[in-house]
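Observations on the model geometry
The chain contents come next:
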Amino acid sequence: MRPSLVRRRRAPHRAAVAVAASALLLITGTACGARFPRQTVTAGGVVAQPGVPAAPDDGLGGQPGVPLPPGATTAPPPGGFTPGPAGPGQPTSGPRQGPGQPSQRPSQQPTQGPGQPQSVDPGRRTGVTATSITIGYLIPKTGAAQVPPQVEQGINVYWRYLNDRGGIFGRKIQTIVADTESNESVARSRAQQLIDQGVFMVAALDRLGVQKAIGEYLDARQVPNVEVQTPANLNARQAWTFGITIDHAVQGGVIARYFKNVLKVAKAAVIYERDATLQPGVDNFKAEAGRQGIQVAYQAVIDGQGNDFSQQAAGLSSSGAQVAWLYMAPTPAAKLANQSKSAGYPGIFFANSISWNFDLIFATGPTAFRGSKAFSPWPALNDQRTQTYQQAYRRYYSDPPLDLGIPGWGLGQVVASAIRNAGRELGQNGFREAMQNLQLGRTGLADGTPLLWSPIAFRPGVREGGPMVVTYTEQNGNWTQESDYRANY
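Quick caveat, the model's predicted, so the values are computed rather than measured. (Residues numbered from 1 in each chain as written. Predicted model: local features only at pLDDT ≥ 70, side-chain atom pairs only at ≥ 80, totals over all residues. Heavy atoms only, no water.)

1. Things to note about the overall build of the protein
Of regular secondary structure, the protein possesses eleven helices and 14 strands. In the protein, buried positions account for 61% of the 489 residues. Carbon and sulfur atoms provide 50% of the accessible area of the protein, an area that totals close to 16900 Å². (Helix = DSSP H or I, 4+ residues; strand = E, 2+ residues; numbered from the N terminus. Buried < 20%, exposed > 50% of the residue type's maximum accessible area, 1.4 Å probe, protein only. Areas by Shrake-Rupley, 256 points an atom, 1.4 Å probe, with all protein chains shown as cover.)

This is the structure we're talking about:
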């Protein structure tokens with residue numbers, strides 16, 4: 001049964017079921033048809049939002065309270081975050097290279113200053129006029145992994161906020177939001193429609209397998225694309241594709257070290273959906289758990305669209321695992337957690353970055369998810385950095401701001417920062433070069449407000465630039481921050 005969309009928080013149970021159905025990126029399966037909507041965001045004529053002043057970057061990079069990476073002894077240079085040496089089992093820079101995979105191809109031009117292209121041919125100006133820039137979004141508004149409307153509202157809120165402050169070099173941003181239906185073939189078709197409609201670049205937020213298909217298709221068409229998450233070992237030939245969250249294989253190792261060094265567990269479990277794109281993360285988790293002396297006491301693969309997880313619940317409950325990583329979408333995670341607690345599982349559950357790390361998950365499992373932990377590429381809703389987002393959301397929508405809108409805002413900040421760094425003579429090649437050298441730390445470069453995303457650290461040849469996560473812990477039915485951005489434990 002396909003759950004309905006979230007409408008209001010005052011209907012918490014129904015809303016939570018919809019959030020669970022949103023799957024944000026991991027559910028497999030096909031979906032029903034949907035129209036291809038166009039939504040245009042235009043300026044409201046307001047120069048600045050009352051009560052939401054711009055916060056100038058202090059030049060330190062990084063988020064407030066973010067420790068320097070292991071091995072770093074000085075603050076990062078102005079304009080960005082500079083990663084230091086990695087921890088055990090973690091690559092020292094950029095995406096992991098698979099067997100036989102070529103090294104990342106370096107950018108064609110040097111840069112001057114942080115992220116600023118030097119003498120780069122701007123290239124095609126598709127979607128750019130003297131007064132506007134049209135960008136496309138690919139998200140699953142319907143289908144097996146549909147996202148609630150607050151995700152799109154978060155996208156809209158950011159661009160309305162920026163447009164009301166003058167846009168970027170006087171150009172206002174227009175958006176076309178297309179529905180992938182959480183299906184790879186549909187997503188490729190929608191990507192082609194966006195190209196036909198003349199978008200400048202595309203930003204995509206979907207389950208992992210769909211994002212892989214989107215990135216490959218747009219890269220073949222040489223259209224700049226920013227993927228909220230990318231599969232492990234991003235193909236070195238995809239010079240137009242940029243992943244802005246932690247590599248899934250790398251994350252598996254980080255999770256194992258978190259279990260050992262923070263949770264202090266001796267036994268752990270991993271249960272994941274049947275999806276080949278998840279396997280590198282699982283494999284790296286198990287390998288690192290072994291190096292850390294953690295016994296993987298139970299592991300299982302599930303059908304993400306199933307309902308009966310009694311077998312897995314019984315196996316987990318008798319395994320002795322103190323923590324279980326549920327590498328899956330919200331819907332199966334809630335079902336499995338509830339059934340496991342009913343079967344007597346005494347441990348806690350863990351969510352990887354971008355899975356079921358949203359507040360409304362607690363309405364589906366208020367007891368089962370008590371004490372849960374999670375990684376995330378954006379801060380929790382109760383973090384002070386989200387105040388600008390919350391104020392803007394209240395201005396443009398009657399719904400209360402939820403953490404579901406934060407990804408749309410933060411993704412907009414990343415894209416807007418690269419557009420700003422590409423300069424006034426904006427073209428697709430110049431934008432690609434600006435993304436290739438983008439460094440983001442404390443604030444968004446186009447709006448001057450706190451960055452609601454993991455610090456970005458791209459450089460020539462590296463196109464997975466969000467290696468850090470915040471850690472959440474459940475507290476009174478909401479996610480609260482346990483620790484700020486870091487790349488290792």
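Once you've had a look at it, read on.
2. Quick word on the sheet that holds strand E3 (residues 202-204)
Taken together, the five strands give an open sheet; going across it, the order is E2-E1-E3-E4-E5, and neighbouring strands pair in parallel fashion. If you trace the sheet from one side to the other, it starts and ends with strand E2 (172-179) and strand E5 (241-243), each paired once. Averaged over neighbouring strand pairs, the angle between their axes works out to 20 degrees when direction is ignored. In terms of strand pairing, E3 meets strand E4 (residues 225-227) through three bridges, oriented parallel. Its bridge partner being in E4, Val202 is matched across the sheet by Asn225. Lying over the sheet, helix H4 (residues 208-220) contacts strand E1 (132-139), E3, E4 and E5, oriented at roughly 165 degrees with respect to E4. (Pairing = 2+ DSSP bridges. Axes fitted to C-alpha atoms, helices over the stretch in contact; angles between N-to-C directions. Contact = heavy atoms within 4.5 Å.)

3. A word on unusual backbone geometry
You will see that Asn233, though not glycine, has its phi angle at about 60 degrees, which is positive. Backbone geometry places Ile354, a non-glycine residue, at a positive phi of 60 degrees. Residue position: Ile354 is located in the loop between strand E9 (348-351) and strand E10 (373-376).

4. Structural notes on the pairing of strand E13 (residues 469-475)
Most of E13 is tucked away, with six of its seven residues classed as buried. Summarising the sheet, E10 and E13 pair through four bridges and their orientation is antiparallel. Note that in E13 the partner of Lys373 across the bridge is Thr473. Note that E13 and strand E14 (residues 478-486) share six bridges and pair antiparallel. Bridge pairing in E14 links Gln475 to Asn478.

5. Remarks on helix H9 (residues 387-396)
Buried within H9 we find Thr388, Tyr389, Gln390, Ala392, Tyr393 and Tyr396. Looking at the packing, one finds that the buried side of H9 touches helix H2 (149-164) and helix H10 (406-422).

6. Concerning helix H5 (residues 248-261)
The terminal C-alpha atoms of H5 lie 20 Å apart, and with 14 residues this matches the ideal 20 Å at 1.5 Å per residue to within 8%. Within H5, twelve of the 14 residues are buried, which leaves the element mostly enclosed by the surrounding structure. When we look at burial in H5, the residues that qualify are His248, Ala249, Val250, Gln251, Gly252, Gly253, Val254, Ile255, Ala256, Arg257, Tyr258 and Phe259. (Expected span 1.5 Å × (residues − 1).)

7. Remarks on the sheet that holds E13
One open sheet holds the seven strands; their spatial order is E7-E6-E8-E9-E10-E13-E14, and the pairing between them is mixed. Looking at which strands have only one partner, the edges of the open sheet turn out to be strand E7 (295-302) and E14. For this sheet, the mean angle separating the axes of adjacent strands, direction not counted, is 20 degrees. Packed onto the sheet, helix H7 (residues 310-317) meets strand E6 (267-273), E7, strand E8 (323-327) and E9 and runs at close to 175 degrees relative to E7.

8. Quick look at the pattern of salt bridges
Pairing between side chains becomes possible if they bear opposite charge and their charged atoms approach one another. As enumerated under the stated definition, the model contains nine salt bridges in all. Between Arg190 and Glu181 there is a salt bridge, with the nearest N and O atoms lying 2.9 Å from each other. By the burial criterion, Arg190 is buried, and Glu181 matches it. Here Arg291 ties to Glu288 by a salt bridge, and the two come within 2.8 Å at their closest N and O atoms. Of this pair, Arg291 and Glu288 both sit in helix H6 (residues 279-291), three residues apart, which is roughly one turn of the helix. Glu288 gets classed as buried once you look at its relative accessible area, which sits at 1%. When salt bridges with common partners are traced through the structure, they connect Arg257, Glu288 and Arg291 into a single cluster. (Salt bridge = Lys/Arg side-chain N within 4 Å of Asp/Glu carboxyl O.)

9. Regarding the side chain of Thr180
Turning to its location among the elements, Thr180 is positioned in the loop between E2 and helix H3 (184-196). Residue classification places Thr180 among the buried residues on the basis of a relative accessible area of 0%. Every residue in contact with Thr180, bar those within four places of it in the chain, is listed here: Leu138, Ile139, Pro140, Val186, Ala187, Arg190, Asp206 and Ile214.

10. Considering the packing of H3 against H4
Running from N to C, H3 and H4 cross one another at 35 degrees; their axes reach a closest spacing of 9 Å. Classified by chirality, the crossing of H4 by H3 is right-handed. On H4, the residues that touch Glu184, Ala187, Arg188, Ala191, Gln192 and Ile195 of H3 are Gly209, Val210, Ala213, Ile214, Tyr217 and Leu218. Classifying every residue of the contact of H3 with H4 gives eight nonpolar, two polar and two charged. (Left-handed = near helix turned anticlockwise from the far one by under 90°. Nonpolar A, V, L, I, M, F, W, Y, C, P; charged D, E, K, R; others polar.)

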